[in-house]
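# Inside the fold
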Amino acid sequence: MHIMEGFLPAEHAAGWTLAAAPFVIRSARAVKRKMEAHPQAKLLLGLAGAFVFLLSALKLPSVTGSSSHPTGIGLGAILFGPEVMTLLGAMVLLFQALLLAHGGLTTLGANAFAMAIVGPWAAWGVYRLSRWSGASLAVSTFLASALGDLATYITTSIELALAFPDPAGGFPGAVLKFTGVFAVTQIPLAVSEGLLTVLVMNQIVMYNRDELQDLAFLSDEA
Amino acid sequence: MYLIDTYAHTNRWRRWHTLEKLVLSAGMLLLSLILPPWPGAALVFAAMTLLTTRGAGVPFGFYARLLLPPLGFILASAAALAVSVTVGPRVGWHVSFSPTGAAVAYPLLLRSLGATSSLYLLALTTPVVDLLSTLRRWGLPQFVLDLMLLSYRFLFVLTDTARAMGTAQASRLGYGDLRTARHSLGLLIASLIRRVLVRANRLEQGLAARGYDGNLAVLSPEQALAPANLGRIVTLELLVVTLSLYLKELWTWPR
């Protein structure tokens, strides 16, 4: 769920950009280190960026019958690691604004905060936690991508609520309103994406185990 | 597939200097955020729509269709703004229509439209590659730039691949019902990852054979900055500012 261009007041747009910037810079530094250590990382990440963008352009059959697009946040966080995903996500958001007219330039910071920072870290945290507690790959993948989606959507709702507090209910009322309005599309989407990501991970583990090893260095702590 | 990109490469303003288009759209974007929505953002919207469709020659029908998804977002949010929700321990959930909320929604619509039309002018007249070379001149680190160039290039290659796979699956009834569709899409994405890794490997080998040292050198086409154009753009922006401040005094929207 992207906040459209011009939707946030100037101060909020600037504030979220400032809030997202340190994370993006930190991620860029990590990416640079990985590139210096592994010469193939640049090409791999360039293609990974195109892949994440393409995921968001695919149509995803959803439970309600309407088709929506997957965010790829969960899959990206599991495959490439959350640290790398922040830079990739910010990059993809810029491309989405310029090529798909989805999102915007002034709202780039707010969208990046929800989709490139909170989403990937939440997905990755859930994935690690459920793997650690002994859940299967399928269950962990489902939880990671579904909850990663939900975390993104709730963050976006909070950003909207901060900008437009409810006249009577204030900030909490506004959070309820925005989560309520977008729940109609976002909750089925999160479930669909969770199921889809499980299928993708199963396929990868079954047929592309070797390639998965090649990706391991991206999510390593460097 | 990516029609916006097609127009960015073929519109009448393609040869304009990127800086001119940036000053125009970023300036108007800023104006639509800081000027009073009525009439400031409305003027921006009118000017940008006219410039994009009449000036740069982007078909109006395409432009109008491009505005539909943001309008959907605005309407959904306006619905949220027009009601008021209070939650309290004694009253429980209370939902009511809120006139003050509705009054917020309307300037918001104008501001979003003004800003969106400014973004569209940039997106529809300026190819991503041009913007990236401008960003390089402004000090974007080379490795980020390389990443973006690679992503941009491969997004089209991957899209073609994905589309071919999708067609093959669809012609075998792979998208017949919801369950099959989800399964097919899962297969498609998984094979796409494989393609991505194979491609990255091949690209690396190909570049290594040509002496790849970690930098991708590209040429960006020369563009001449036309001061007259820049002057016209700034004049237009000043015109919008004065007009909106003047009209605001003269003509306040009935509430």
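The structure presented is a predicted model; accordingly, all values stated were derived computationally and were not measured. (Residues numbered from 1 in each chain as written. Chains lettered and ligands numbered in written order. Predicted model: local features only at pLDDT ≥ 70, side-chain atom pairs only at ≥ 80, totals over all residues. Heavy atoms only, no water.)

### Observations regarding the overall build of chain B
Looking only at helices and strands, one finds 10 helices and two strands in chain B. When the helices and strands of chain B are read in sequence order from the N terminus, they spell out α-α-α-α-α-β-β-α-α-α-α-α. Scaling as 2.2 N^0.38, a compact globule of 255 residues should have a C-alpha radius of gyration of about 18 Å, whereas chain B reaches 24 Å, well beyond that. Expressed as a percentage of the 255 residues in chain B, the buried residues total 47%. Put simply, 72% of the contacts in chain B that link residues at least 6 apart link residues at least 24 apart. For chain B, the computed accessible surface area is about 13200 Å², with 65% contributed by carbon and sulfur atoms. In chain B, 23 side chains carry a positive charge and 11 a negative one; their mean positions are 9 Å apart. (Helix = DSSP H or I, 4+ residues; strand = E, 2+ residues; numbered from the N terminus. Rg over C-alpha atoms; globule rule 2.2 N^0.38 Å. Buried < 20%, exposed > 50% of the residue type's maximum accessible area, 1.4 Å probe, protein only. Contact = heavy atoms within 4.5 Å. Areas by Shrake-Rupley, 256 points an atom, 1.4 Å probe, with all protein chains shown as cover. Lys, Arg positive; Asp, Glu negative; His and termini not counted. Charge placed at Lys NZ, Arg CZ, Asp CG, Glu CD.)

### A look at a nonpolar patch on the surface
All names here are of chain A. A contiguous nonpolar surface patch, about 300 Å² in accessible area, is contributed by Ile154, Ile158, Leu162 and Phe171. Top element by residues in the nonpolar patch is helix H6 (residues 137–163). It accounts for three residues. For Ile158, a relative accessible area of 30% translates into the label partly exposed. (Patch = residues over 30% accessible without salt bridge, like charges linked within 9 Å, V, L, I, M, F, W, Y side chains within 5 Å. Salt bridge = Lys/Arg side-chain N within 4 Å of Asp/Glu carboxyl O.)

### A word on the environment of Phe156(B)
Residue and element names in this part refer to chain B. Looking at the secondary structure, you find Phe156 in helix H8 (residues 142–170). Take Phe156: its relative accessible area is 24%, and that puts it in the partly exposed class. Measuring from C-alpha to C-alpha, the distance between Phe156 and Thr167 comes to 16 Å, with 11 residues separating the pair along the chain. Ignoring any residue separated from it by four or fewer positions in sequence, one finds Phe156 in contact with Tyr2 and Asp5.

### Observations regarding the domain arrangement of chain B
All names here are of chain B. For chain B, the assigned domains are domain 1 (2–86 + 95–126 + 225–250) and domain 2 (134–208). Averaged C-alpha coordinates put domain 1 and domain 2 at centres separated by 32 Å. Taken together, the contact pairs six residues of domain 1 with six residues of domain 2. Between domain 1 and domain 2, a total of about 470 Å² is buried, with carbon and sulfur atoms accounting for 62% of that surface. Of all residues in domain 1, the largest losses of buried area upon contact with domain 2 belong to Tyr2, Asp5 and Leu22, amounting jointly to 69% of the total for that side. On inspection of domain 1 and its partner domain 2, the count reaches zero salt bridges. Residue assignment for the side of domain 1 that touches domain 2 shows that the elements contributing at least two residues are helix H1 (3–10) and helix H2 (18–34). No other element matches the three residues that H2 contributes to the side of domain 1 that touches domain 2. Broken down by class, the residue content of the side of domain 1 that touches domain 2 amounts to three nonpolar, two polar and one charged. (Domains from an automatic or database assignment. Buried area = accessible area lost by both parts, 1.4 Å probe. Nonpolar A, V, L, I, M, F, W, Y, C, P; charged D, E, K, R; others polar.)

### Re helix H4 (residues 82–99) of chain A
Residue and element names in this part refer to chain A. Between its first and last C-alpha, H4 extends 24 Å over 18 residues, near the 26 Å set by a 1.5 Å rise per residue. Along H4, 18 of the 18 residues are buried, which leaves the element largely enclosed by surrounding structure. Once H4 ends, the next one or two residues include Ala101, with phi positive near 55 degrees. (Expected span 1.5 Å × (residues − 1).)

### Here's the deal with the interface of chain A and chain B
Contacts between chain A and chain B engage 72 residues on the former and 68 residues on the latter. Taken together, both faces of the contact between chain A and chain B bury some 6300 Å²; the carbon and sulfur share is 81%. If you look at where chain A meets chain B, you find one salt bridge. Here Lys42(A) and Asp146(B) are joined by a salt bridge, their closest N and O atoms 2.7 Å apart. On inspection of chain A and its partner chain B, the count reaches five residue pairs in polar contact (both at pLDDT 80 or more). Going through the elements one at a time, helix H1 (10–37), helix H2 (41–57), strand E1 (60–61), helix H3 (73–80), H4, helix H7 (170–207) and helix H8 (209–219) of chain A are the ones with two or more residues in the side of chain A that touches chain B. With 14 residues, H2(A) is the largest single contributor of residues to the side of chain A that touches chain B. (Polar contact = N/O pair within 3.5 Å; in protein donor to acceptor, adjacent residues only side chain to side chain.)

### Observations regarding the environment of Gly49(A)
Here Gly49(A) shows up in helix H2. Using a relative accessible area of 1% as the deciding quantity, one classes Gly49(A) as buried. Considering only alpha carbons, one finds Gly49(A) and Val92(A), 43 residues apart in sequence, at a separation of 6.6 Å. Apart from residues lying up to four places away in sequence, Gly49(A) is in contact with Leu88(A), Met91(A), Val92(A) and Ser151(B).

### Some points on the packing of H2(A) against helix H9 (residues 178–209) of chain B
Relative orientation of the contacting elements H2(A) and H9(B) amounts to 150 degrees, with a least axis distance of 9 Å. By the angle class used here, H2(A) and H9(B) are roughly antiparallel. Read as a crossing pair, H2(A) and H9(B) show a hand that is right-handed. For the pair formed by H2(A) and H9(B), the contact residues are Leu43(A), Leu44(A), Leu47(A), Ala48(A), Phe51(A), Leu54(A) and Leu55(A) on the first element and Ile189(B), Leu192(B), Ile193(B), Val196(B), Leu197(B), Arg199(B), Ala200(B), Leu203(B), Glu204(B) and Leu207(B) on the second. Residues of the contact of H2(A) with H9(B), tallied by class, amount to 15 nonpolar, no polar and two charged. (Axes fitted to C-alpha atoms, helices over the stretch in contact; angles between N-to-C directions. Parallel < 35°, antiparallel > 145°, perpendicular 65-115°, else oblique. Left-handed = near helix turned anticlockwise from the far one by under 90°.)

### Considerations on the pattern of salt bridges
Residues and elements named next belong to chain B. This structure, assessed with the given rule, holds four salt bridges over all chains. Here Asp130 makes a salt bridge to Arg14, at a shortest N to O gap of 3.0 Å. Here Asp130 is found in helix H7 (residues 128–137), whereas its partner Arg14 is found in the loop between H1 and H2, with 116 residues between them in sequence. For the pair Asp130 and Arg14, a shared accessibility class is recorded, and that class is buried.

### Describing the side chain of Ser32(B)
All names here are of chain B. One can find Ser32 in helix H2. Within the structure, Ser32 has its side chain in polar contact with the backbone oxygen of Leu29 (distance 2.8 Å). Each residue touching Ser32, except ones within four places of it in the same chain, is listed here: Ala41, Val44, Arg111, Gly114, Ala115 and Ser118.

### Quick look at H8(B)
Taking 1.5 Å as the rise per residue, H8(B) with 29 residues should run 42 Å; its terminal C-alpha atoms sit 41 Å apart, in good agreement. At Phe154(B), H8(B) is deflected by roughly 30 degrees, the largest bend along its length. (Bend = angle between axes of the 7 residues up to and from the residue.)

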